[in-house]
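Read off the chains here:
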Protein chains: 2
Amino acid sequence: MNLPIPGQPVRGSKTGQPIMALFDLLGRSWAMGIIWHLAKGPSTFRGLQTYCESISPTSLNKRIKELRDSYLIVKTIDGYALTEQGKELYGLIEPLGLWAKGWSKNFKKQ
Amino acid sequence: MNLPIPGQPVRGSKTGQPIMALFDLLGRSWAMGIIWHLAKGPSTFRGLQTYCESISPTSLNKRIKELRDSYLIVKTIDGYALTEQGKELYGLIEPLGLWAKGWSKNFKKQ
DNA sequence: ATTCATTGCTACAAATTATGTAGCAATACT
DNA sequence: AGTATTGCTACATAATTTGTAGCAATGAAT
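The shown structure was predicted, so the numbers you read here are calculated from the model rather than taken from an experiment.

What to know about the nonpolar core
Inference 1: The biggest cluster of nonpolar side chains holds 66 residues, and the ones touching the most others in it are L22(A), L72(A), W103(A), L22(B), L72(B) and W103(B).
Inference 2: If sequence neighbours within four positions are ignored, W103(A) has contacts with P4(B), P6(B), P18(B), A21(B), L22(B), L25(B), S70(B), L72(B) and Q85(B).

Quick word on the protein's contact with DNA strand C
Inference 1: Taken together, 18 residues sit near DNA strand C, with F45(A), R46(A), N61(A), Y80(A) and S56(B) positioned nearest.
Inference 2: Take the atoms of DNA strand C that sit within 4 Å of the protein: sugar and phosphate atoms are 52% of them.
Inference 3: In this structure, R46(A) approaches DNA strand C through a side-chain N or O atom, which is 2.3 Å from a base oxygen.
Inference 4: Within the side chain of R63(B), a nitrogen or oxygen atom sits 3.1 Å from a phosphate oxygen of DNA strand C.

So, the pattern of salt bridges
Residue and element names in this part refer to chain B.
Inference 1: Scanning the model with the defined rule gives 12 salt bridges over all chains in all.
Inference 2: Between D24 and R11 there is a salt bridge; the shortest N-O distance is 2.9 Å. Here the residue D24 occupies a position in helix 1 (residues 18-26), and R11 occupies one in the segment before helix 1, the gap between them amounting to 13 residues.
Inference 3: Taking the shortest distance from any N to any O, the salt bridge between R63 and E66 comes out at 3.0 Å.

With respect to the protein's contact with DNA strand D
Inference 1: Lining the immediate environment of DNA strand D, one finds 18 residues, of which S56(A), F45(B), R46(B), N61(B) and Y80(B) sit closest.
Inference 2: Across the atoms of DNA strand D situated within 4 Å of the protein, the share located in sugar and phosphate is 53%.
Inference 3: Here a base nitrogen of DNA strand D sits 3.1 Å away from a polar atom, N or O, in the side chain of T58(B).
Inference 4: Of the residues that constitute the surface near DNA strand D, the class distribution is 5 nonpolar, 8 polar and 5 charged.

Quick word on the interface of chain A and chain B
Inference 1: Between chain A and chain B, the contact holds 46 residues from the first and 47 residues from the second.
Inference 2: Between chain A and chain B lies a buried interface of about 4,100 Å² when both sides are counted; carbon and sulfur atoms form 72% of it.
Inference 3: Considering only the side of chain A, the residues that lose the most area to chain B are F23(A), W99(A) and W103(A), jointly responsible for 17% of the buried surface there.
Inference 4: Counting every contact that joins chain A to chain B gives 0 salt bridges.
Inference 5: Contributing elements (two or more residues each) for the side of chain A that touches chain B: helix 1 (18-27), helix 2 (31-38), helix 5 (84-93) and helix 6 (95-103) of chain A.
Inference 6: Element by element, the count of residues in the side of chain A that touches chain B is highest for helix 1 of chain A, at 9 residues.

Scoring rules and cut-offs
The numbers attached to residues start from 1 for each chain and follow its sequence in the written order. Labels are handed out in written order, letters beginning with A for the chains and numbers beginning with 1 for the ligands. Since the coordinates come from a predicted model, pLDDT governs what is reported: local features require at least 70, and pairs of side-chain atoms require 80 or more to be given and counted, while whole-chain, interface and lining totals use all residues. To get the side-chain values, take all heavy atoms of the structure and skip hydrogens and water. For the purposes of this section, nonpolar cores are sets of buried Ala, Val, Leu, Ile, Met, Phe, Trp, Tyr and Cys residues that join through side-chain atoms within 4.5 Å. Each residue is assigned to one of three classes by its accessible area relative to the maximum for its type, calculated with a 1.4 Å probe on protein chains only: buried under 20%, partly exposed between the two thresholds, exposed over 50%. Only heavy atoms matter for contacts: two residues are in contact if any of them lie within 4.5 Å across the pair. Note on terminology: near, applied to a residue and a molecule or strand, indicates that one of the residue's heavy atoms is within 4 Å of it. The definition of a polar contact used here is a pair of N or O atoms within 3.5 Å, where within protein one atom must be able to donate a hydrogen and the other to accept one, and adjacent residues in sequence count solely through side-chain atom pairs. Take a side-chain nitrogen of Lys or Arg and a carboxyl oxygen of Asp or Glu: if they are within 4 Å of each other, that pair is a salt bridge. Numbering of helices and strands runs from the N terminus; a helix is a DSSP stretch of H or I covering at least four residues, while a strand is a stretch of E covering at least two. Under the scheme applied, nonpolar residues are Ala, Val, Leu, Ile, Met, Phe, Trp, Tyr, Cys and Pro; charged residues are Asp, Glu, Lys and Arg; polar residues are all the others, including Gly. Accessible area, probed at 1.4 Å, shrinks when two parts are joined; the buried area is that loss added up over both.

Structure representation (structure tokens):
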């Protein structure tokens, strides 16, 4: 499956409801991590590679293409950066950071 | 990689910061879809299978185990259901639904 | 002007993950 | 007793991701 396009069948949804297309896009490895990182400011390919630790350049490049084709990031003189829509989306996922800290306490027992 | 546990290395993060563990968990196929569906009410295994259309029982069962082990869903007499934490998380991802509808207009040109 | 470092990738094999289909034991219903 | 539904497991095939190597293009330093 290629780029998940709302309204067309996407990975796991024949109707391609927007939320399903978004889940398909964000569910791919490192997609949310890339957005999270770019929210702090533009970053080069190598910068993203360092941030994402173990991502392969193959995957990173694929992810970048998808996010660009989805209007969430663009290439600027300073590197890749979030678009206005990308920033909006970040605003929605940002609260997960704080929530995740609370959630992580469940596992502290081990 | 097995269950992503905050504080331990997860898929793509050696330090396992909570947000990274959460992204690993939610990034797996159908994880967010399952939460989205259970937010409407409890659902049986077969109910989830129908909702998720193309998911294989193998994947669904794996995802269910992970979400249970992560304290986000539980098995009840009525089927699988969100825990309080799962409901909290849903509250955070729910706004994505509306946003996705606006985002999808980008693609309408084709 | 030429080394040297950095950047933005591509190629490709190996490992991991997901799909698709079959099927089966355990309950519930008729 | 027979039939349907549920909650799975098994297993082969397909798709995705990782890990590593490497290379052309740009820029800085000598």
